[in-house]
Amino acid sequence: MKKVMYAQVIINKPNINIDQYFDYKIPEKLLNNIKIGQRVIVPFGRGNKKIDAFIIKIKSFSYVKEKRLKYIEQIIDLEPMLSSNQLKLSQWIKNNYLCLHIEAIQLMIPTGMNLEKKINIILNKNITTEKLLCNLINEEEKKILEYLIANKGEIWLELLQKEFKGNLYKKILQMAKKKYISIEEHFYTKVSDKREKYITLSGKYKSKDKYLKEISKNAHKQLEIINSLEHHPISYSELYKDLKFNKSSIDSLLKKGLIKINSQMLFRNPYNDKNFSYPELKLTIEQENIVKEFKKLSVIEPQKMLIHGVTGSGKTEVYLNMIQIMLKEGKQSILLVPEISLTPQMVERVMGRFGEQVSILHSGLSLGEKYDQWKRIKSGKANIVIGARSAIFAPLDKLGLIIIDEEHENTYKSSIRPRYHVREIGEKRCEYESCHLVLGTATPSIESYYKSMNKEYKLFSLEKRIDNNPMPKITFVDMRNELKEGNYSILSNILKKEIRDKLN
């Protein structure tokens with residue numbers, strides 16, 4: 001007799017009443033595939049409502065009485081969505097910021113990945129129009145069954161709800177008990193892989209002429225399609241939109257076995273058409289000293305550093321050199337910027353230097369783009385992640401360096417639940433994953449500067465601008481005098497003049 005194993009799960013629903021762990025038995029058929037960090041479907045509550053949950057722990061015992069325990073029903077994702085370090089970090093976020101554990105976990109998965117449920121109503125094959133005439137079926141049930149027959153015996157509950165008012169689901173459950181219908185639950189996510197269908201020659205013949213011989217000379221569209229497919233596959237969208245072919249021509253060629261349809265996954269990349277180039281620049285003495293010191297210290301133990309550099313002193317070039325050092329060691333890096341508006345500028349520089357090794361994560365991406373970037377990072381195809389606040393949770397499994405640029409900015413604080421500070425998350429993640437933390441700014445936050453004074457952070461300074469460029473001249477203007485002179489705008493006269501001169 002095989003020993004029963006148990007899984008401790010947290011339900012994927014932000015609700016303070018269920019913010020706890022629940023034990024479930026693992027069915028024997030799932031034992032070899034179940035892992036910590038996976039999402040699973042479980043029956044939950046008195047009505048055994050199917051809901052998704054994350055596996056927090058797998059164990060050989062449970063303190064819950066055996067007869068009260070239910071079985072996990074299915075695994076959603078074959079590979080875990082959360083690593084052990086992410087689960088550890090989510091627990092710390094829960095305790096430190098006083099939020100629900102599932103709220104902390106949801107920070108680490110892409111928006112749109114939550115499961116949605118659709119209910120399909122299927123008519124029992126034994127129910128016919130004649131059977132509806134019997135007196136055992138009441139009028140309301142007859143109307144529902146007649147509607148199902150008219151819709152070929154199958155319909156989604158949400159569509160049925162539009163036709164019948166009141167508590168329809170309760171009525172449906174009663175009808176399912178009487179075996180008039182059956183209920184199927186389907187789970188899906190708002191976002192998934194984007195696939196494109198491609199049409200190619202079937203491989204039936206070696207020469208194009210033999211394909212053309214099987215097509216009537218009057219079937220001009222079919223002939224055009226075969227001629228178009230001679231050199232390369234064609235996507236469905238290209239066939240319909242650009243080449244104006246119709247479905248009947250495709251169907252005819254499929255029946256003759258002259259073409260075949262393949263599905264190919266598309267990667268949604270907002271920077272796909274950009275050819276960035278950013279050369280490696282010669283370091284100044286100040287920059288070179290920081291990079292050398294980082295390289296030397298990083299071998300000893302994980303470092304926490306604050307780079308206090310004036311505007312235009314070349315902090316970005318220092319970051320890029322640090323990332324290069326990590327790549328040579330087989331480690332990955334996260335580079336954070338405070339706002340989405342700054343991301344394209346940083347993306348251009350980092351992608352220009354490191355190319356396809358870079359992935360981007362920020363709230364300006366579409367759901368599909370976020371999902372594809374997350375999946376690319378998760379699969380290990382990206383070694384560098386650039387982004388705003390949410391990129392701190394990027395699922396890199398060989399993380400060596402976290403860089404927070406403009407670390408003093410308030411945008412690194414989340415103002416919605418769960419409320420957190422990126423700098424604190426970065427520190428904790430570095431602790432769990434033994435990686436380096438580098439903060440950069442021209443105006444350090446009081447907290448970071450205090451830590452550097454107390455030797456918690458190693459302080460580096462960049463006091464000169466690149467090429468010894470002078471700092472911009474600053475003029476103070478008393479706007480009260482502007483008002484006395486009749487200037488009621490928010491811009492002083494000298495500022496208007498300077499803007500006009502620069503535009504000219």
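Above this text sits the structure in question.
Residues numbered from 1 in each chain as written. Predicted model: local features only at pLDDT ≥ 70, side-chain atom pairs only at ≥ 80, totals over all residues. Heavy atoms only, no water.

Trainee: So what exactly am I meant to see when it comes to the pairing of strand E6 (residues 115-123) here?
Mentor: Looking along a regular strand, one sees the side chains alternate between the two faces of the sheet. Both E6 and strand E8 (residues 181-189) contribute to a ladder of 9 bridges, which runs antiparallel. Residue pairing across strands places Lys118 opposite His186, the latter belonging to E8. With 3 bridges joining them, E6 and strand E7 (residues 154-156) adopt antiparallel strand pairing. The residue bridging Ile122 from the neighbouring strand is Glu154, located in E7. (Pairing = 2+ DSSP bridges. Helix = DSSP H or I, 4+ residues; strand = E, 2+ residues; numbered from the N terminus.)

Trainee: Please explain the sheet that holds strand E12 (residues 304-309) as it appears in this structure.
Mentor: Sheet strands line up and pair through hydrogen bonds in the backbone, either parallel or antiparallel. The 7 strands are arranged E14-E15-E13-E16-E17-E12-E18 in an open sheet whose pairing can be described as parallel. Each edge of the open sheet is held by one strand with a lone partner, namely strand E14 (358-361) and strand E18 (458-462). On average, each strand axis in the sheet is inclined to that of its neighbour by 20°, with strand direction left out of account. As defined by bridge partners, strand E13 (residues 332-336) adjoins strand E16 (residues 399-405) across 5 bridges and the pair is classed as parallel. Directly across from Ile334, in E16, lies its bridge partner Ile402. Across the face of the sheet, helix H15 (residues 446-453) comes into contact with E12, strand E17 (436-441) and E18 while running at roughly 115° to E12. (Axes fitted to C-alpha atoms, helices over the stretch in contact; angles between N-to-C directions. Contact = heavy atoms within 4.5 Å.)

Trainee: Explain the sheet that holds strand E4 (residues 49-59) to me, please; I cannot follow it from the model alone.
Mentor: Taking strand neighbours across the sheet as the criterion, the 5 strands line up as E2-E1-E4-E3-E5 in an open arrangement whose pairing is antiparallel. The open sheet has two edge strands, strand E2 (22-25) and strand E5 (74-75), and neither has a second partner. The pairing of strand E3 (residues 39-44) with E4 spans 6 bridges and is antiparallel. Across the sheet, the residue bridging to Arg39 is Phe54, located in E4.

Trainee: Is there a simple way to explain the environment of Gln324 in this structure?
Mentor: In this fold, Gln324 is placed in helix H11 (residues 315-328). A relative accessible area of 29% places Gln324 in the partly exposed class. The spacing of Gln324 and Phe61 is 263 residues in sequence and 47 Å in space, taken between C-alpha atoms. (Buried < 20%, exposed > 50% of the residue type's maximum accessible area, 1.4 Å probe, protein only.)

Trainee: So what exactly am I meant to see when it comes to helix H7 (residues 220-228) here?
Mentor: Counting along an α-helix, one turn takes 3.6 residues, and residues three or four places apart therefore face a common direction. Among all positions of H7, only Gln222, Leu223, Ile225 and Ile226 are buried. Buried residues of H7 fall within an arc of 160° about the axis and therefore sit on the same side. (Arc of directions from axis to C-beta.)

Trainee: Even after reading the chapter, I still don't get the nonpolar core, so can you show me in this structure?
Mentor: The nonpolar side chains of a soluble globular protein tend to be buried with one another. Membership of the largest hydrophobic core comes to 45 residues, with the highest contact counts inside it found for Ile93, Ile402 and Ile425. Residue assignment for this core shows that the elements contributing at least two residues are E4, helix H1 (84-97), helix H2 (101-106), E13, helix H13 (367-378), E16, helix H14 (422-433) and E17. What Ile425 contacts, discounting residues up to four positions off in sequence, is Leu89, Trp92, Ile93, Tyr97, Ile392, Phe393 and Tyr420. Ranked by size, the runner-up nonpolar core spans 32 residues in total, among them Tyr271, Met305, Met346 and Ile386. (Core = buried A, V, L, I, M, F, W, Y, C linked by side-chain atoms within 4.5 Å.)

Trainee: Any chance you could explain the packing of aromatic side chains here in plain terms?
Mentor: Taken as a whole and assessed by the stated rule, the structure comprises 5 aromatic pairs. An angle of 80° between the planes, with centres 5.1 Å apart, marks the rings of Phe22 and Phe44 as edge-to-face. With Phe22 in strand E2 and Phe44 in strand E3, this residue pair connects regions lying 22 residues apart in the sequence. Taking the centre distance of 5.3 Å and the plane angle of 75° together, the rings of Phe61 and Tyr63 count as edge-to-face. A relative accessible area of 76% means that Tyr63 is categorised as exposed. Lying over the aromatic face of Trp156, Lys118 brings its terminal NZ or CZ to 4.3 Å of the ring centre. (Phe/Tyr/Trp six-rings, centres within 6.5 Å; stacked < 30°, edge-to-face > 60°. Lys NZ or Arg CZ within 6 Å of the ring centre and 35° of its normal.)

Trainee: Which parts of the structure should I look at to understand the pattern of salt bridges?
Mentor: Opposite charge on two side chains makes pairing possible when the charged atoms of those side chains draw close. Inspection of the entire model under this criterion finds 20 salt bridges. In this structure, Glu103 engages Arg417 in a salt bridge whose closest nitrogen and oxygen atoms are separated by 2.7 Å. With Glu103 in helix H2 and Arg417 in the loop between E16 and H14, the pair connects residues that are 314 residues apart, well separated along the chain. Assessed through its relative accessible area of 13%, Glu103 is described here as buried. Note on Arg417: relative accessible area 46%, which makes it partly exposed. Residue Glu447 is joined to Arg423 by a salt bridge in which the shortest nitrogen-to-oxygen separation is 3.8 Å. Of this pair, Glu447 sits in helix H15 while Arg423 sits in helix H14, and the two are 24 residues apart along the sequence. (Salt bridge = Lys/Arg side-chain N within 4 Å of Asp/Glu carboxyl O.)

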